[in-house]
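Now for the letters of each chain:
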Amino acid sequence: MEQDITDWKNLWKVEKSTPIDINGLLKHINNLEKKGKLERITLLISIPLTIILLLTILPVFTNIYNLISITLISIGMLMILLQTYKSKFSSTNKNMLNNQEYAETLISKLKERILTTSRYMWIYAFLLISGLNFGYIDILEKFNISLISRIIGHLILSSAMLLLIYYLIEKRKKENNKEILPLIEFIDNL
């Protein structure tokens, strides 16, 4: 037992702690919030414009497929907008980081950002692809093509969109792993 205590004393004397780069941490957190703010502004502008554009292009009230299409796409877009506001955090300063409760809140908000990419973007993708497929039903019927050709058209367009969304989600996950996960670990170790 005495040997263990002596070993701990010696370790305490030998090991020097590495200095914490609080300014770099604060800069990184504030940059993430600036990106989030830009995403929220972009979504606040693009969602109403997209819905208005769809409502003017598609005869919504004369065709149930178009109504379902716009509804699914709108629900998906609004879900992503709500999730970006859920993961919003305010700018950080040195005094706030010393507060354990603030650090835990910051970690939970950063985890929400990761969750938006890994879970909610897939839900959005499903709603978007489903909505577009409902919209295609009416458009493809007007071309008087066979049922098999319409099904193949739906499958090709859905597959192409799914591959594009998969690529974008994976790219975003890599960015999150590079930026957000080390930040969470660093804040957690404070």
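Residues numbered from 1 in each chain as written. Predicted model: local features only at pLDDT ≥ 70, side-chain atom pairs only at ≥ 80, totals over all residues. Heavy atoms only, no water.

K.L.:
Give me the lowdown on the pattern of salt bridges, citing residues and values where you can.
P.N.:
Charged atoms that come close allow side chains of opposite charge to pair. Counted according to the given criterion, the structure contains five salt bridges. Between Arg172 and Glu39 there is a salt bridge whose closest N-O contact spans 2.6 Å. Of the two residues, Arg172 sits in helix H6 (residues 147-189) while Glu39 sits in helix H2 (residues 22-57), which places them 133 residues apart along the sequence. The exposure class assigned to Arg172 is partly exposed, which follows from its relative accessible area of 32%. On the basis of relative accessibility, which here comes to 27%, the residue Glu39 falls in the partly exposed class. The partner of Glu170 in a salt bridge is Lys173, and the shortest N-O contact between them spans 3.7 Å. Note that Glu170 and Lys173 are positioned in helix H6 at a spacing of three residues, about one turn of the helix. (Salt bridge = Lys/Arg side-chain N within 4 Å of Asp/Glu carboxyl O. Helix = DSSP H or I, 4+ residues; strand = E, 2+ residues; numbered from the N terminus. Buried < 20%, exposed > 50% of the residue type's maximum accessible area, 1.4 Å probe, protein only.)

K.L.:
For the nonpolar core, give the residues involved together with the corresponding values.
P.N.:
Counting residues in hydrophobic clusters, the biggest one holds 18 residues, and the most contacted among them are Ile80, Tyr124, Leu128 and Ile165. Elements with a minimum of two residues in this core: H2, helix H3 (64-86), helix H5 (100-142) and H6. Beyond its immediate sequence surroundings of up to four residues, Tyr124 is in contact with Gly76, Met77, Met79 and Ile80. Leu32, Phe89, Leu183 and Ile184 belong to the second-largest nonpolar core, a separate cluster that totals 13 residues. (Core = buried A, V, L, I, M, F, W, Y, C linked by side-chain atoms within 4.5 Å. Contact = heavy atoms within 4.5 Å.)

K.L.:
Talk me through unusual backbone geometry; I want residue IDs and the actual numbers.
P.N.:
Of note in this structure, Asn144 is not a glycine but carries a positive phi near 50°. Classification of Asn144 as exposed rests on a relative accessible area of 67%.

Interpretation note: all reported values are geometric properties and have no functional meaning in isolation.
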